[in-house]
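# Secondary and tertiary structure notes
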Amino acid sequence: MAQRNSSSPGDSELNDVIRSFLASPPEGTPAEIIDAFDVKGMDEFLPPRLFLETVEQAPVAISITDPTARILYVNEAFEQMTGYHRHEVIGRNESLLSSKSTPLSVYQDLWNTIRQQRVWQGKLINHRKDRSEYLAELTISPVLNPDGRIAYFLGMHRDVTELHQLEQRLQFQKSLTEAALDAAPVAVAIVNAERKVLLDNHAYKALLGDFRGVEPADLFLKALEMQIGLDLVQVCHEGKGFSNIEVRLDPPGSRPPRWFACSGVRVAELDEAAQNYFRSHEKTRCCLLLVANEITASRMRTNEARLNMIRASMAEQQMVQTMREAISGAIFKMQAPLNILNAALAMPESNGSPDNQRGVMRQVLESGDEAIESLHAALPGPTMEQTSLVNVNELLHEVIRLQTDRLLASGVVVDWRPAPVLPSVTGRANGLRGLLKYLIDNAIQAVDESGNEYREVRIETRADDEEIVIEVMDNGPGIAELHRLKVFEPFFCNWAQPRSHAGMGLTMAQEMAISHGGSIVIDPDFLGGCRVIVRLPVSGGRSVE
Ligand code: FAD
């Protein structure tokens, strides 16, 4: 132990100071201070000399002062930390350590606290004997004499400069990373295996607002699960990431769809637990760094071109359809008189019709049959179309866009409520577009004929178990109960103004739904208009005929 100045308290006095402090430590005394002195527990002190040795060699700078901060004792760590030998500081005020850079208010707080016999903890900027500065984390505990007045102050401090530098560096790195992430035009989120978002950026938060508080990460993950069978738990534990997977999200309200190129990288989760110190080589918990780059603008450009192609192909399809309807209608109408002729000819000759008349009837029948045959031959065959994975939201959106002029002309408000994320359907895109167009055309015609001032068509989609449900609603006159099945029959047309309608639309729509393993019904419980419900199996369900 280093030599002691004559003005310092004797061993037994020093021992008494510490003992009386430990006997009733002031409220708020940190446990580490008590631990530093109470080497074997409060009730069982070491022999005085050994006890002093322990304090002397404690790894923190310890000083004992009188009530005016005049130093009475310092330990070895104090000497090492400050560069002062104890005989240079004993008898002097602790202020000799002050670098004069600590604000006055800090000292005022320090003194106000300890004078009220409370423990003060805080940071001060000290300087060593060589004037080099360091940041001291200081705890001062008052030690009371038997009549309850302050007898000594016990000071304990450690150099936290490096810790502070580390904290500053970390803070700097963090704000740098956050600034870089926030400035990035892509949405970034870190998601753990429980789908909890641990960190995100400005662009992500903006998306959260756009999707009215629905966690975008959840929407992206759902879409990725459907599209590439992503298993978040598996990816977080050992799986590989993914890159540039295109995901379509449909925001709430009648807002247009948005597309994102999503990438994901597996990153280790922060693990600060001391018990895991030696486990770093073992499997650590990981999470997913999800990056979503919005590509809506470029997708819209390609979609515009695609839409023009779809428009052309639908116009062609419509023309073929109209021809089919016209020819089928002609066959249907011709068949009736021919049937009557057939029936008349089937009657026995004795019923009075002269031979020459029967001959004429036979001729008429033959030429009628020939005409029907040539009409059948002229009937354009159904267009064969390849099946593919289709997104029903996308098809509906295209059909609505293609109907924009008609909707505007009829003053119809479209309330478009797509499911934000929808599983794909294996189907014929053109055929399904045709189905949806029939329904929307009918809804527009219905609200047109209703004469209602407010005309609304609401279109909703949702995933229901293994099916996709599409609902097309209008606030038109609705369909009477006795017509609810009839409307699906060929050539049934009940419009007030049939125009070019041949009554084949719902028949074709039903055929299309059935050929996709789905169904189409008129909701009998819908009041105030008509609701048509289409159900289609999601891909992987029933196959398309
Ligand atoms: P000062 O004029 O001494 O004090 C500044 C302000 O502090 C004053 O305006 C006043 O409001 C208040 N003040 C000072 N002395 C008293 C008093 N006796 N009673 C009431 N209020 C008072 N300071 C350090 O800079 N570094 C240290 O490591 C450090 N360790 C300390 C350890 C102990 C156990 C104690 C009791 C004090 C310690 N101090 C330390 C505080 C130190 O005593 C000085 O108060 C401080 O350094 C400011 O000194 P100064 O000369 O700049 O100003």
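An account of the accompanying structure is given in this report. The model shown is predicted, which means the values in this text are computed figures rather than measured ones.

### Here we look at the overall build of the protein chain
In terms of helices and strands, the protein chain carries 16 helices and 17 strands. For the protein chain, the residues scored as buried account for 42% of the 545 residues in total. Residue pairs at least 24 apart in sequence account for 61% of intrachain contacts in the protein chain once pairs closer than 6 positions are excluded. On the protein chain, roughly 29,300 Å² of surface is accessible, and the fraction owed to carbon and sulfur atoms is 54%.

### Remarks on a negative patch on the surface
A cluster of acidic residues, Glu366, Asp369, Glu370 and Glu373, forms a negative patch at the surface. Of note, glutamate 370 is situated in helix H12 (residues 355–378).

### Structural notes on the site of the ligand
For the ligand, the set of nearby residues contains 20 residues, the closest of which are Asn93, Ser98, Tyr107, Trp111 and Asn126. A distance of 3.4 Å is found between a nitrogen atom of the ligand and a side-chain nitrogen or oxygen belonging to glutamate 94. Contacts to the ligand include lysine 100, whose side-chain N or O atom sits 3.2 Å from an oxygen atom. For the ligand, the protein covers 76% of the area, taking 910 Å² as the surface of the free molecule. Of all the elements in the fold, those that place two or more residues in the shell around the ligand are helix H6 (104–115), strand S3 (120–127), strand S4 (133–144) and strand S5 (150–159). For the shell around the ligand, the leading source of residues is H6, giving 6 residues. Residues that form the shell around the ligand fall into these classes: 10 nonpolar, 7 polar and 3 charged.

### Overview of the pattern of salt bridges
Should their charged atoms come close, side chains of opposite charge can pair. Summed over the entire model, instances satisfying the criterion amount to 33 salt bridges. As a salt-bridge pair, glutamate 178 and lysine 174 come within 3.2 Å of each other at their nearest N and O atoms. Here the residue glutamate 178 and the residue lysine 174 both occupy positions in helix H7 (residues 161–183), the gap between them amounting to 4 residues, near one helical turn. Of the residues examined, glutamate 178 reaches a relative accessible area of 34% and is grouped as partly exposed. Judged by its relative accessible area of 44%, lysine 174 is partly exposed. Aspartate 218 serves as the salt-bridge partner of arginine 195, at 2.8 Å between the closest nitrogen and oxygen. Taken together, the positions of arginine 195 in the loop between strand S6 (187–191) and strand S7 (197–200) and aspartate 218 in helix H9 (residues 216–228) put the pair 23 residues apart, joining distant regions of the chain. Judged by relative accessible area, aspartate 218 falls into the partly exposed class, the value being 27%. Overlapping salt bridges, with partners in common, bring together Glu246, Arg248, Asp250, Arg299, Arg306, Glu394, Glu398 and Arg433 in one network.

### A few points about the pairing of strand S10 (residues 286–294)
With 5 bridges joining them, S6 and S10 adopt antiparallel strand pairing. Directly across from valine 188, in S10, lies its bridge partner valine 291. Here strand S9 (residues 258–268) pairs with S10 via 9 bridges, running antiparallel. Its bridge partner being in S10, alanine 261 is matched across the sheet by asparagine 293.

### Topic: empty space enclosed by the protein
As enumerated under the stated definition, the model contains 3 cavities of 30 Å³ or more in all. Its boundaries defined by the atoms lining it, the largest cavity holds a volume of some 80 Å³. Arg248, Pro257, Trp259, Met300, Asn303, Leu307, Glu394, His397, Glu398 and Arg401 are the residues that line the largest cavity. For the lining of the largest cavity, the secondary-structure elements that each account for two or more residues are helix H11 (296–346) and helix H13 (392–402). Residue composition of the lining of the largest cavity, by class: 4 nonpolar, 2 polar and 4 charged. Mapping the lining of the largest cavity onto the domain boundaries places at least three of its residues in each of domain 2 (165–270 + 281–294) and domain 4 (388–537).

### Topic: the sheet that holds S4
Taken in spatial order, the 5 strands make up an open sheet running S2-S1-S5-S4-S3, and their pairing is antiparallel. Sheet topology places strand S2 (71–74) and S3 at the edges, where each strand pairs with a single neighbour. Strand-to-strand twist of the sheet, defined as the mean angle between neighbouring strand axes without regard to direction, takes the value 30°. With 8 bridges joining them, S3 and S4 adopt antiparallel strand pairing. Pairing of leucine 124 across the sheet is with alanine 136, part of S4. Contacting S3, S4 and S5, H6 crosses the sheet at an angle of about 140° to S3.

### Examining the nonpolar core
Counting residues in each nonpolar core, the largest one holds 43 residues, and the members touching the most others are Val392, Leu396, Leu432, Leu435, Leu439, Ile470 and Ile520. Mapped onto this core, the elements with two or more residues apiece are H13, strand S12 (412–417), helix H15 (429–450), strand S14 (455–464), strand S15 (467–474), helix H16 (505–515), strand S16 (519–522) and strand S17 (530–537). For this core, the element with the most residues is H15, which contributes 10 residues.

### Thoughts on the packing of H15 against H16
Packing of H15 against H16 brings their axes to within 9 Å, and their N-to-C directions diverge by 145°. The chirality of how H15 crosses H16 is left-handed. In this structure, H15 contributes Gly431, Leu432, Leu435, Tyr438, Leu439 and Asn442 to the contact, and H16 contributes Gly505, Leu506, Met508, Ala509, Met512 and Ala513. In the contact of H15 with H16, the residues fall into 9 nonpolar, 3 polar and no charged.

### Some remarks on the side chain of arginine 248
Residue position: arginine 248 is located in strand S8 (residues 242–249). Here aspartate 250 takes part through its side chain, which lies 2.9 Å from a polar atom of the side chain of arginine 248. A polar contact of 3.4 Å, which involves the side chain of arginine 248, links it to the backbone oxygen of asparagine 393. If we ignore the near neighbours within four places in the chain, the residues touching arginine 248 are Pro257, Arg258, Trp259, Asn391, Asn393, Glu394, His397 and Pro420.

Cut-offs and rules
- Residues numbered from 1 in each chain as written.
- Predicted model: local features only at pLDDT ≥ 70, side-chain atom pairs only at ≥ 80, totals over all residues.
- Heavy atoms only, no water.
- Helix = DSSP H or I, 4+ residues; strand = E, 2+ residues; numbered from the N terminus.
- Buried < 20%, exposed > 50% of the residue type's maximum accessible area, 1.4 Å probe, protein only.
- Contact = heavy atoms within 4.5 Å.
- Areas by Shrake-Rupley, 256 points an atom, 1.4 Å probe, with all protein chains shown as cover.
- Patch = residues over 30% accessible without salt bridge, like charges linked within 9 Å, V, L, I, M, F, W, Y side chains within 5 Å.
- Salt bridge = Lys/Arg side-chain N within 4 Å of Asp/Glu carboxyl O.
- Lys, Arg positive; Asp, Glu negative; His and termini not counted.
- Charge placed at Lys NZ, Arg CZ, Asp CG, Glu CD.
- Near = heavy atom within 4 Å.
- Polar contact = N/O pair within 3.5 Å; in protein donor to acceptor, adjacent residues only side chain to side chain.
- Nonpolar A, V, L, I, M, F, W, Y, C, P; charged D, E, K, R; others polar.
- Pairing = 2+ DSSP bridges.
- 1 Å grid on protein atoms, 1.4 Å probe; cavity = no way out; pocket = protein on both sides within 12 Å on 5 of 7 lines; lining within 4 Å.
- Points joined across faces, edges and corners; volume = space filled by probe spheres on them.
- Domains from an automatic or database assignment.
- Axes fitted to C-alpha atoms, helices over the stretch in contact; angles between N-to-C directions.
- Core = buried A, V, L, I, M, F, W, Y, C linked by side-chain atoms within 4.5 Å.
- Left-handed = near helix turned anticlockwise from the far one by under 90°.

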